[in-house]
Amino acid sequence: MKTVDDDTLQRRLGAIDALARIHADPNASIPSLIRALTDDRPDVRRASVVAIQRFESSASDAVPSLVAAAVDDTNVHVRIAAVAALGHVHLQPDISVPCLIRALGDNSPAVRRAAADAISEFGLAAKPALPALAQAIGDADKSVRKRALRTIGEIGPNAVEAVPSLLKSLHDDDPQISREASSALRQIGPKTEASIMQLLAATEDLRPHVRQNAVWVLGATAESSKSAMPRFIELLGDEDDRIVRETLRALSEPNTDAMPAVTRIIEVTNSKNRLLSALAAQTLRKVAPDQAAELIGKPFDAIQARLHDIMDFEVGEQDWPQLGGSRLRNNTPDGKNIPTTWNPGDFDRRTGEWISDDAVNIKWVARLGSQSYGNPVVANGKIFVGTN
């Protein structure tokens, strides 16, 4: 412990790092690290914060000192480290969370970003930070806004008071901010009639990313999807393929009763856009499996498709007539008792002759060039290997 107080910078930093790496007794180590937090040199203070963080649940005694460093240290890198450490150990939320709320107002965007991330580690105890996080949604720094939105979402249904701010961010011109807001809204759940009505209004926004994200949120709960069903049916005819795709996904959600939309879904299965047609077929199989089987046939059977491919090549059922076995490119063959261990035996260095006495699970060998291409092809009793 004396080395932690050494006047030589490198020895002091080395001692601080060693305390954490060797998992030293926290009762003896933490007091030394707390003292190091008052060192005149920022490198020492930051190293002490990082070392304290590594003690995790045993670092409780250091939390007040980390709080002080997070808001009062003059060095931005020390403040960032202290804020991150408070989130990592997530102890004593009664003093840690208020400190992180203050850090959301730091003059450094990096500290504000770290504070938003750290708050998310406190779970339900982070709820008092919601007003500050809602304010951070309007931060001048985009990355702070994104992290604030993400943290609100991670608080979950208990963050319902932040919904008005999230609905505002849903309309952001930046697609990434809008998507983060919609993700948070899904995690909280659009439960009130007012929020559902605002989301329905957002599906008529001129910006495709806003409409798309609003549809995604409306599909999150049974209540919202039921209210949105007439609008979902309309959006299946939208000129923007992205909106149609998102609507089909919303109709596929487990909580959604999409039967009223079946007729419209069937129409989309006939789309000239192959991706939309395939997604509509997939949605129809989930929503109305009997009608799907009647209209578009049974679900794709990969094994049968592979067997048909092999028959087209006029080779044996267990042959491997192309790269990946078939057009499905599934490199796992159908077979039983396939060896998983082998020993090629030895070779005579002078003649190259195979010495098979110790060989295991090897039937034969063949000399190849220095390079080979693709994988072996097996067909009609022969094996083909591309080589130079």
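Just so it is clear, the structure is predicted and the values come from calculations on it, not from any experiment. (Residues numbered from 1 in each chain as written. Predicted model: local features only at pLDDT ≥ 70, side-chain atom pairs only at ≥ 80, totals over all residues. Heavy atoms only, no water.)

Draft legend 1. How the structure looks around the overall build of the protein. A tally of helices and strands in the protein yields 19 helices and four strands. On C-alpha atoms alone, the protein measures out to a radius of gyration of 31 Å, which is more than a quarter above the 21 Å that the 2.2 N^0.38 rule sets for 388 residues. Taking the principal axes of its C-alpha atoms as reference, the protein extends roughly 80 × 75 × 30 Å. A buried classification covers 42% of the 388 residues belonging to the protein. Within the protein, contacts between residues separated by at least 24 positions form 55% of all contacts whose residues are at least 6 apart in sequence. Split by element, the accessible area of the protein, about 21,600 Å² in all, is 51% carbon and sulfur. One way to put it: in the protein the 45 positive side-chain charges average out to a point 2 Å from where the 51 negative ones average out. (Helix = DSSP H or I, 4+ residues; strand = E, 2+ residues; numbered from the N terminus. Rg over C-alpha atoms; globule rule 2.2 N^0.38 Å. Buried < 20%, exposed > 50% of the residue type's maximum accessible area, 1.4 Å probe, protein only. Contact = heavy atoms within 4.5 Å. Areas by Shrake-Rupley, 256 points an atom, 1.4 Å probe, with all protein chains shown as cover. Lys, Arg positive; Asp, Glu negative; His and termini not counted. Charge placed at Lys NZ, Arg CZ, Asp CG, Glu CD.)

Draft legend 2. Summary view of unusual backbone geometry. Even without glycine at this site, Gln 92 takes up a positive phi of about 45 degrees. Mapped onto the secondary structure, Gln 92 falls in the loop between helix H5 (76-89) and helix H6 (93-103). In this structure, Asn 337 is a non-glycine residue whose phi angle is positive, near 55 degrees. Looking at the element boundaries, Asn 337 is found in the loop between helix H19 (302-312) and strand E1 (346-347). Overall, Asn 337 belongs to the exposed group, its relative accessible area being 79%.

Draft legend 3. Broad picture of the layout of surface pockets. For the largest pocket, the calculated volume is near 540 Å³. In terms of lining, the largest pocket is formed by 14 residues, of which the most central are Ile 338, Pro 339, Lys 363, Val 378 and Ile 383. Among the residues making up the lining of the largest pocket, the classes are represented as nine nonpolar, two polar and three charged. Of the pockets and cavities examined, the second largest pocket occupies roughly 200 Å³. Lining the second largest pocket we find Trp 364, Val 365, Ala 366, Leu 368, Pro 376, Ile 383 and Val 385. (1 Å grid on protein atoms, 1.4 Å probe; cavity = no way out; pocket = protein on both sides within 12 Å on 5 of 7 lines; lining within 4 Å. Points joined across faces, edges and corners; volume = space filled by probe spheres on them. Nonpolar A, V, L, I, M, F, W, Y, C, P; charged D, E, K, R; others polar.)

Draft legend 4. Spotlight on a nonpolar patch on the surface. Together, Trp 364, Leu 368, Ile 383 and Val 385 make up a nonpolar patch on the protein surface, roughly 380 Å² of accessible area in all. Mapped onto the fold, Val 385 is located in strand E4 (residues 382-387). (Patch = residues over 30% accessible without salt bridge, like charges linked within 9 Å, V, L, I, M, F, W, Y side chains within 5 Å. Salt bridge = Lys/Arg side-chain N within 4 Å of Asp/Glu carboxyl O.)

Draft legend 5. The nonpolar core, seen in detail. Formed by 88 residues in total, the largest nonpolar core has its most connected members in Val 83, Ile 152 and Ile 265. Per element, the largest residue contribution to this core is seven residues, and it comes from H5. If sequence neighbours within four positions are ignored, Ile 265 has contacts with Leu 236, Leu 248, Leu 251, Ala 280, Thr 283, Leu 284 and Val 287. (Core = buried A, V, L, I, M, F, W, Y, C linked by side-chain atoms within 4.5 Å.)

Draft legend 6. Fine view of the environment of Pro 376. Secondary-structure assignment places Pro 376 in strand E3 (residues 372-379). Among the residues examined, Pro 376 registers a relative accessible area of 42% and is labelled partly exposed. The sequence separation of Pro 376 and Thr 192 amounts to 184 residues, and the corresponding C-alpha distance is 61 Å. For Pro 376, the contacting residues outside a window of four places in its chain are Trp 320, Ile 383, Phe 384 and Val 385.

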